[in-house]
Amino acid sequence: METIIHLIALVAALASVVVALGHTGYLALLNSAAAKRAGGGPVADYVRSRWPVAGGTTGASLLALLLTAGPTFLDVVAILLAAGSGAVATKALQSTRTKYRSGN
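All figures in this text were calculated on a predicted structure; none of them were measured in a lab.

Asks: Can you help me understand the overall build of the protein in this one?
Replies: For the protein, the helix and strand inventory stands at 3 helices and 0 strands. Reading the protein from its N terminus to its C terminus gives the helix and strand order α-α-α. Taken over the C-alpha trace, the protein has a radius of gyration of 16 Å; the compact-globule value for 104 residues is 13 Å, which it surpasses by more than 25%. On the principal axes, the C-alpha backbone points of the protein span a range of 55 × 25 × 15 Å. Residue burial in the protein is summarised as follows: out of 104 residues, 32% are buried. Within the protein, contacts between residues at least 6 apart in sequence are counted, and of these 76% link residues at least 24 apart. When the accessible surface of the protein is summed, it comes to about 6200 Å², and 69% of that surface belongs to carbon and sulfur atoms.

See below:
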């Protein structure tokens, strides 16, 4: 049973890290594009306002991954932390993509 919980915690933490880094990378791409364009100030301001969310979710997901190295109790905590940070990162990424989607 402990092995199954550990495996679930590890998969959840890894998925959370991928989503959080995806959000961070998307913000970095937006910021880079805004810096290269005239009139990109509003986009750069938006990206600056979203960095704390991206950093927080990335940090929380990395902490969840670190917690998977501990006993079963910490695996359960890691699952909860990974699920929460992954959900927040997913919502934030979807929100940003919807706001700046182009090419319909």
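Once the structure has been displayed, the description carries forward.
Asks: Would you explain the pattern of salt bridges in this entry?
Replies: Pairing is possible between side chains of opposite charge, provided their charged atoms come close. Applying the stated rule across the entire model yields 1 salt bridge. In this structure, Arg48 and Asp45 form a salt bridge, with 2.4 Å as the shortest nitrogen-oxygen distance. Of this pair, Arg48 and Asp45 both sit in helix α2 (residues 41-67), 3 residues apart, roughly one helical turn.

Asks: Please clarify how the packing of α2 against helix α3 (residues 72-99) should be interpreted in this entry.
Replies: For any two helices packed against each other, one specifies the inter-axial angle together with the distance between the axes. With their axes 8 Å apart at the nearest point, α2 and α3 run at an angle of 155° to one another. When the interaxial angle is binned, α2 and α3 end up roughly antiparallel. In this structure, α2 crosses over α3, and the sense of that crossing is left-handed. Grouping the amino acids of the contact of α2 with α3 by side-chain chemistry returns 14 nonpolar, 5 polar and 3 charged.

Asks: Honestly, the side chain of Thr58 in this entry has me stumped. Any pointers?
Replies: One can find Thr58 in helix α2. We classify Thr58 as buried; its relative accessible area is 13%. Beyond its immediate sequence surroundings of up to four residues, Thr58 is in contact with Ala20, Leu21 and Thr24.

Asks: How should the packing of helix α1 (residues 2-36) against α2 be read in this particular structure?
Replies: Two elements in contact, α1 and α2, have axes whose closest approach is 9 Å; the angle formed by their N-to-C orientations is 160°. As far as their axial angle goes, α2 and α1 are roughly antiparallel. α2 is crossed by α1, and the crossing has left-handed handedness. For the contact of α1 with α2, a count of residues per class yields 19 nonpolar, 7 polar and 1 charged.

Conventions adopted
- Residues numbered from 1 in each chain as written.
- Predicted model: local features only at pLDDT ≥ 70, side-chain atom pairs only at ≥ 80, totals over all residues.
- Heavy atoms only, no water.
- Helix = DSSP H or I, 4+ residues; strand = E, 2+ residues; numbered from the N terminus.
- Rg over C-alpha atoms; globule rule 2.2 N^0.38 Å.
- Buried < 20%, exposed > 50% of the residue type's maximum accessible area, 1.4 Å probe, protein only.
- Contact = heavy atoms within 4.5 Å.
- Areas by Shrake-Rupley, 256 points an atom, 1.4 Å probe, with all protein chains shown as cover.
- Salt bridge = Lys/Arg side-chain N within 4 Å of Asp/Glu carboxyl O.
- Axes fitted to C-alpha atoms, helices over the stretch in contact; angles between N-to-C directions.
- Parallel < 35°, antiparallel > 145°, perpendicular 65-115°, else oblique.
- Left-handed = near helix turned anticlockwise from the far one by under 90°.
- Nonpolar A, V, L, I, M, F, W, Y, C, P; charged D, E, K, R; others polar.

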